[in-house]
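Take a look at the letters that make up each chain.
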Amino acid sequence: MSSVISDIELKSQLDRTIADVDQSAVNLPVANKQLRFQTYKNLFVLCMAFLLQFTAFGAIGNLQSSLNTEANVGVNSLSIIYACLIFSAIFLPHPLIAIFGVKWTLVICQIPYLLYVAANYYPKGYLMYPAAALVGLGAAPLWTSKCSYLTDTGTIYAESKLVHKDIIVNRFFGIFFMFFQSSQVWGNLISYLVLKPKEIETNGTVVDSNEKYNKCGVDFSEQEYKGIAVWNQIDRKTINILCIVYICICLCSIITVIIFLDQRRKSSKEQISVMLRRSVILLVSTVKHMRNVNQLLLIPLTIWSGLEQSFLGAQFTKGFVSCTLNAKYVGLVLIAYGICDSIGSLSFGQLVKYVGRWPCFIIAAIINYSLIITMFIWKPSENQIYVLFILAGLWGLADAVWQTQINAFYGVLFVEKDEAAFSNYRLWESSGFVLFYIITPFIRIRIALIILLIFLTLGMCGYGITEYRLRKNKIKSNQVAPS
């Protein structure tokens, strides 16, 4: 049974230990060792829990457009997740954490992910859609709880080591995302190893179901693809096996948190009605914040962030990978994406310190422009599989910039209104996800690429103007400031 540790208890224990240093100097190293063990134990448990959960959920999400194509259940469920996430981010995190504490909020919000993965065993709308809605509602409290846990434990540990809290907190977040980003590799590797192509017996000879659709790539159409009687199908038995494996992984994640993670409870005297009132105030401030010129300029770039991620997870995997090979290879190709995304997140995080923010944005934009143009002119084929790995890897490298630097830019621009600003960020990024997941089954990839070009161009123009305005304001403040 896990112990319950509040911020006040840990801090007071730390204060008492330091105050009694002259009387019990021998006990200080012991207390510090206990705190160190407890802190890193909880950090490792949190890292492993998210690694396990998103190994299963991330990989099954990548396969939605390739496996669950009947009535577009797969991509529709993904759009429901991001639509519900908008509501969840504004109203649910603070009340849930106040009622259940951080640990049990994590557990409660992990359960919908398990239900969604389980629903893929029998992927019908009446099972997938409610599970997807629950995932969307649970996502914001889950991530808020994770951020709160890492920040609080990092701050307390920093006090014991007498170092600035930012150093420890940044280190903890770096360790966490090292584990988290690797989930792309493990989840996709499992899907590649488990899934097998469907085989058909013809005159006593077993052959692969490989009737080809000849418009893979830029001319791919979901409607035409589904119209072919025999195509690169995956054996349903192997899909069920994959679902069972992922269900077990999700269960291990939940059990890990229940058994090993210490409780942390935010001490709050506010009533639930007051918290809900604060959520409504956040909603109003989110809408009002849209009148900010810088926020308006960043809307296209924020939508682009959602569009480019959903394009890779839905249309690229279906129109380039599954169509050319089969869904078995989706996981293998996306391993390249996950590895390059992880390396890029670390590399660009360091590079921005030396060259500044705008060169990183320019590099990412050039990569995406090049990849989109390549997709327009390249016809995928089985003897050029390596190109798919290159496309996915470079897309992951560019995505690393968008995910890290757009977030950071919001933090720099809107210091005094960060909550409303990041609420806008979640709103517009989720809108990009929802837009592409809804229209994906009804458009050719050519149209999707044109939409991507439009939003990338508008986004970079808006970013350029915003960066110029920010630098201009800095110059003005420096001139006004006394020498």
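In this text the structure is predicted, and so the values were computed from the model without any measurement. Counting starts from 1 at the beginning of each chain's written sequence and moves along it residue by residue. Given that this is a predicted model, residues contribute local features only at a pLDDT of at least 70 and side-chain atom pairs are listed and counted only at 80 or more, while totals for whole chains, interfaces and linings are drawn from all residues. Processing note: side-chain calculations cover all non-hydrogen atoms of the structure and skip hydrogens and water entirely.

> Looking at this structure, I do not really get the overall build of the protein chain. What am I missing?
Numbered from the N terminus, helices here are DSSP runs of H or I no shorter than four residues, and strands are runs of E no shorter than two. A count of helices and strands for the protein chain gives 16 helices and two strands. Buried residues are those whose accessible area, probed at 1.4 Å on protein chains only, stays under 20% of the maximum for their type, while exposed residues exceed 50% and partly exposed ones sit between those limits. When each of the 483 residues of the protein chain is scored for burial, the buried share is 51%. Taking the contacts inside the protein chain whose residues are at least 6 apart along the sequence as the reference set, 84% of them involve residues at least 24 apart. Any two residues having at least one pair of non-hydrogen atoms within 4.5 Å are treated as being in contact.

> It is not clear to me how the packing of aromatic side chains should be interpreted in this structure. Could you clarify?
Given two aromatic rings, their pairing is described by the distance between the two centres and the angle made by the two planes. Aromatic pairs are defined between Phe, Tyr and Trp rings, using the six-membered ring for Trp, whenever the two ring centres lie within 6.5 Å; interplanar angles under 30 degrees are classed as stacked, those over 60 as edge-to-face, and all others as tilted. A complete count under the given rule lists 31 aromatic pairs for this structure. Ring centres of tyrosine 82 and phenylalanine 433 lie 3.9 Å apart, and the angle between their planes is 0°; on these two criteria the pair is classed as stacked. With a gap of 351 residues between them, tyrosine 82 in helix H4 (residues 73-91) and phenylalanine 433 in helix H15 (residues 418-439) connect regions that are remote in the sequence. Pairwise contacts between aromatic rings join Phe50, Phe54, Phe57, Tyr113, Tyr116, Trp143, Phe176 and Phe180 into one cluster. To sit over a ring, a charge needs its Lys NZ or Arg CZ within 6 Å of the ring centre and within 35 degrees of the ring normal. Residue placement shows lysine 124 over the ring face of tyrosine 122; its charged tip is 5.7 Å from the ring centre.

> Explain helix H11 (residues 293-324) here, please?
Within an α-helix, residues lying three or four positions from one another point in the same direction, as the helix has 3.6 residues per turn. Helix span is expected to be 1.5 Å times the residue number reduced by one. For H11, which comprises 32 residues, the first-to-last C-alpha distance of 45 Å matches the rise-based estimate of 46 Å (1.5 Å per residue) to within 8%. Two axes define the bend at a residue: one fitted to the seven residues ending there, one fitted to the seven starting there, and the bend is the angle between them. Approximately 50° is the largest bend angle found in H11, and it occurs at threonine 317. Judged by how many residues are buried, H11 sits mostly within the fold: 29 of 32 residues are covered. As used in this structure description, the phrase polar contact means that two N or O atoms lie within 3.5 Å; if the pair is within protein, one of them must be able to donate a hydrogen and the other to accept it, and residues adjacent in sequence are counted only when both atoms belong to side chains. For H11, the side-chain oxygen to backbone nitrogen distance between the N-cap and asparagine 294 is 2.9 Å, and the N-cap itself is asparagine 292.

> Got a minute to help me understand the confidence of the model for the protein chain in this structure?
Looking at the protein chain, pLDDT values average 83 and 86% of them are 70 or higher. A residue's pLDDT is the confidence the predictor assigns to it, expressed on a 0 to 100 scale. Across residues 1-26, where pLDDT falls below 50, the model places 33 contacts with residues more than four positions away in sequence or in other chains. Below a pLDDT of 50 lies the segment residues 205-210, which in the model reaches 17 contacts outside its immediate sequence neighbourhood of four places, other chains included.

> Explain the side chain of threonine 317 to me, please; I cannot follow it from the model alone.
By the secondary structure assignment, threonine 317 is in helix H11. The buried category is assigned to threonine 317, whose relative accessible area is 1%. In terms of polar contacts, threonine 317 uses its side chain to reach the backbone carbonyl oxygen of glycine 313, at 3.0 Å. Sequence-distant contacts of threonine 317, that is, excluding residues within four places in its chain, are made with Asn62, Ser65, Ser66, Leu312, Ser322, Val330 and Leu334.

> What is the right way to look at the state of the cysteines in this model?
As used here, a disulfide is simply a covalent bond connecting the sulfur atoms of two cysteines. Here, two cysteine sulfur atoms that lie within 2.5 Å of each other are counted as a disulfide. With the rule as written, the count across this model stands at one disulfide. There is a disulfide in this structure between cysteine 216 and cysteine 323, and the S-S distance comes to 1.8 Å. Judged by the torsion about the S-S bond (-75°), the cysteine 216/cysteine 323 disulfide is left-handed. Within this pair, whereas cysteine 216 is found in the loop between strand E2 (205-208) and helix H8 (222-227), its partner cysteine 323 is found in helix H11, the two being separated by 107 residues in sequence. Taken as a pair, cysteine 216 and cysteine 323 share a single burial class, namely buried.

> What should I look at first to understand the packing of H4 against helix H5 (residues 93-119) in this one?
If you want to describe how two helices pack, look at the angle between their axes and the distance between the axes. To define axes, lines are fitted to C-alpha atoms, for helices over the stretch in contact only, and angles between the resulting N-to-C directions are given on a 0 to 180 degree scale. At a minimum axis separation of 15 Å, H4 and H5 run at an interaxial angle of 180°. The angle between H4 and H5 falls in the class roughly antiparallel. Residues Gly74, Ser77, Leu78, Ile81, Ser88, Ala89 and Phe91 of H4 form the contact with H5, whose own contacting residues are Pro93, Pro95 and Tyr116. Considered class by class, the residues forming the contact of H4 with H5 number seven nonpolar, three polar and no charged. With respect to orientation, any angle under 35 degrees is reported as roughly parallel, any angle over 145 as roughly antiparallel, any angle of 65 to 115 as roughly perpendicular, and every other angle as oblique. Side-chain classes follow a simple rule in which Ala, Val, Leu, Ile, Met, Phe, Trp, Tyr, Cys and Pro form the nonpolar group, Asp, Glu, Lys and Arg form the charged group, and the remainder, Gly included, forms the polar group.

> It is not clear to me how a nonpolar patch on the surface should be interpreted in this structure. Could you clarify?
The patch calculation keeps residues exceeding 30% relative accessible area without a salt bridge and links them within 9 Å when they carry like charges or within 5 Å when they are nonpolar (Val, Leu, Ile, Met, Phe, Trp, Tyr). For the accessible areas, the method is Shrake-Rupley and the probe is 1.4 Å, while residue cover comes only from the protein chains on display. Salt bridges are counted wherever a side-chain nitrogen of Lys or Arg sits within 4 Å of a carboxyl oxygen of Asp or Glu. On the surface, a cluster of nonpolar side chains totalling about 760 Å² of accessible area is made up of Ile99, Phe100, Trp104, Ile108, Leu251, Ile255, Ile258, Ile259 and Phe260. Those elements that place two or more of their residues in the nonpolar patch are H5 and helix H9 (236-260). With five residues, the single largest contributor to the nonpolar patch is H9. Looking at the element boundaries, isoleucine 108 is found in helix H5. With a relative accessible area of 35%, isoleucine 108 lands in the partly exposed category.

> Just checking my understanding: could you explain the pattern of salt bridges for this structure?
Between side chains of opposite charge, pairing is possible as soon as their charged atoms come close. The tally for this structure, following the rule as stated, stands at eight salt bridges. In this structure, a network of salt bridges that share partners links the residues Lys215, Glu224 and Arg444.

> Explain the environment of leucine 391 here, please?
For leucine 391, the position within the fold is in helix H14 (residues 385-413). Sequence separation between leucine 391 and leucine 312 is 79 residues; the distance between their C-alpha atoms is 10.0 Å. Discounting chain neighbours no more than four positions away, the residues touching leucine 391 are Phe316, Leu371, Thr374, Met375 and Trp378.

> Is there a simple way to explain the packing of helix H6 (residues 125-161) against helix H7 (residues 165-194) in this structure?
At a minimum axis separation of 8 Å, H6 and H7 run at an interaxial angle of 135°. Compared by their axis directions, H6 and H7 come out oblique. Considering how the two elements wind past one another, H6 and H7 form a crossing that is right-handed. Contact residues: H6 offers Trp143, Lys146, Cys147, Leu150, Thr151, Thr153, Gly154, Thr155, Tyr157 and Ala158, while H7 offers Lys165, Ile168, Val169, Phe172, Phe173, Phe176, Phe177 and Phe180. The class makeup of the residues in the contact of H6 with H7 is twelve nonpolar, four polar and two charged. Note on convention: near helix rotated counterclockwise from far helix by under a right angle means a left-handed crossing. Clockwise means right-handed.

> When you look at the environment of valine 135 in this model, what are you seeing that I'm missing?
Along the polypeptide, valine 135 turns up in helix H6. Relative accessible area serves as the criterion here: at 1%, valine 135 is assigned to the buried category. Valine 135 sits 57 residues away from leucine 78 along the chain, and the two C-alpha atoms are 9.7 Å apart. Excluding residues that lie within four positions of it along the chain, valine 135 makes contacts with Phe57, Ile81, Pro112, Tyr113 and Tyr116.

> What exactly am I supposed to notice about unusual backbone geometry here?
A negative phi holds for most residues other than glycine; trans holds for most peptide bonds. A positive phi angle is found at alanine 71, which is not glycine, with a value near 55°. If you trace the backbone, alanine 71 turns up in the loop between helix H3 (64-67) and H4. Positive phi outside glycine occurs at leucine 162, with the angle close to 55°. Inspection of the secondary structure assignment puts leucine 162 in the loop between H6 and H7. By relative accessible area, leucine 162 is classed as exposed at 73%.

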